[in-house]
Amino acid sequence: SCKRPLRIFYLQAEVQYHYLRERIQKLHLPQDVRHYFERNFMITSQIRLLLDERGIECIVQATRKKFTAGMPDIIAIDPIRNVFDSGAHPGGENDNDGMMYFLQERVETLRMRINPDAGIILTHHTKKISKKNVEEDPFQALSGAGSLRSYYTSGMLLFRPDEQKPERTLIFELRNGPEIPQKIVTKQDGSWQELDPKSDRLLHASHESAEKLRRRETILRLIYTEAL
C-alpha cells in the first residue's frame, strides 16, 4: 500500500482530447478523490512528439511546471509506437537494437531527468497470433522486437478470446515474486470487474464458442469437399 497519493505523469499519444475527457468523466470520481486527481495527475491528449532529445526536454519542462511539490512517482507511456525513437537504428520497433536503444537511451533518460526512482508503465500494441500460440506463450503477441520482454520486470496482457463476447483474459508475467494466476475481467458500470471463471455465464459462453467453432469447421469441410 502507498503511504501517500502518488504523482503520475501519463504520456498519452492515441486518444483525442474530447474523447479523453469523456472517458475521465465516466469514472464519476468522488469529490475528495478529484482533489488529489487534479493535483497529482497529468495526462496529455494525443500528443504528437517523438521521445527524442527534444521530446524529452519538452516533457521534463512540462512536468516541472505541473508538479511543483515534487516530481512524478510514476511515468506512463501509451503507446510506445506513437513516440518511438530508435536513433540511428533503421529497423524501428521491429529491430532489437532499435528497441533497446529506445528503452535505454530514451525511456531511461526520461526517468533519470524526471525522477530516478520513478516507476515506468509502458503500453504496447499486440499482433495477431493464433489462440494456440496465445495459450502456449501469451507474450509472443507483443508487437515488434522481442528485446522488450527482457526489459520489463512485470508484464500484463489483456486480450479478448471471443470477439463476440465482452469478457477479456488478463495474463501476467513476473520476473520476481509469486506467480499471479490469469483472470477473466469485463467492464461493468464503467469499471473493470473480475469474474469467477467457474460462473454459469462463462461456462455457457465457453460452450457457445466451442459450438460456433464446430459449425465453422463443418461448413469449411463441406466447402472443401465440394471444391475437390
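Let me sum up the structure you'll find in this document. Please read these numbers as outputs of a predicted model, since none were measured by experiment. (Residues numbered from 1 in each chain as written. Predicted model: local features only at pLDDT ≥ 70, side-chain atom pairs only at ≥ 80, totals over all residues. Heavy atoms only, no water.)

**Considerations on the side chain of Ser143**
Assignment of secondary structure puts Ser143 in the loop between helix H6 (131-136) and strand S5 (154-159). Ser143 sits in the buried class, given a relative accessible area of 5%. A polar contact is formed between the side chain of Ser143 and the backbone oxygen of Thr126, at a distance of 3.3 Å. Those residues within four positions of Ser143 in sequence are excluded, and the remaining contacts are Arg81, Glu93, His124, His125, Thr126 and Lys127. (Helix = DSSP H or I, 4+ residues; strand = E, 2+ residues; numbered from the N terminus. Buried < 20%, exposed > 50% of the residue type's maximum accessible area, 1.4 Å probe, protein only. Polar contact = N/O pair within 3.5 Å; in protein donor to acceptor, adjacent residues only side chain to side chain. Contact = heavy atoms within 4.5 Å.)

**Section: the sheet that holds strand S7 (residues 183-188)**
Spatially, S5-S6-S7-S8 is the arrangement adopted by the four strands of the open sheet, whose pairing is antiparallel. A strand with exactly one partner marks an edge of an open sheet, and here the two such strands are S5 and strand S8 (191-195). This sheet shows a mean twist of 35° between the axes of neighbouring strands, independent of strand direction. Bridge count between strand S6 (residues 168-174) and S7: three bridges; the pairing is antiparallel. Of the residues in S7, the one forming a bridge with Arg168 is Val185. (Pairing = 2+ DSSP bridges. Axes fitted to C-alpha atoms, helices over the stretch in contact; angles between N-to-C directions.)

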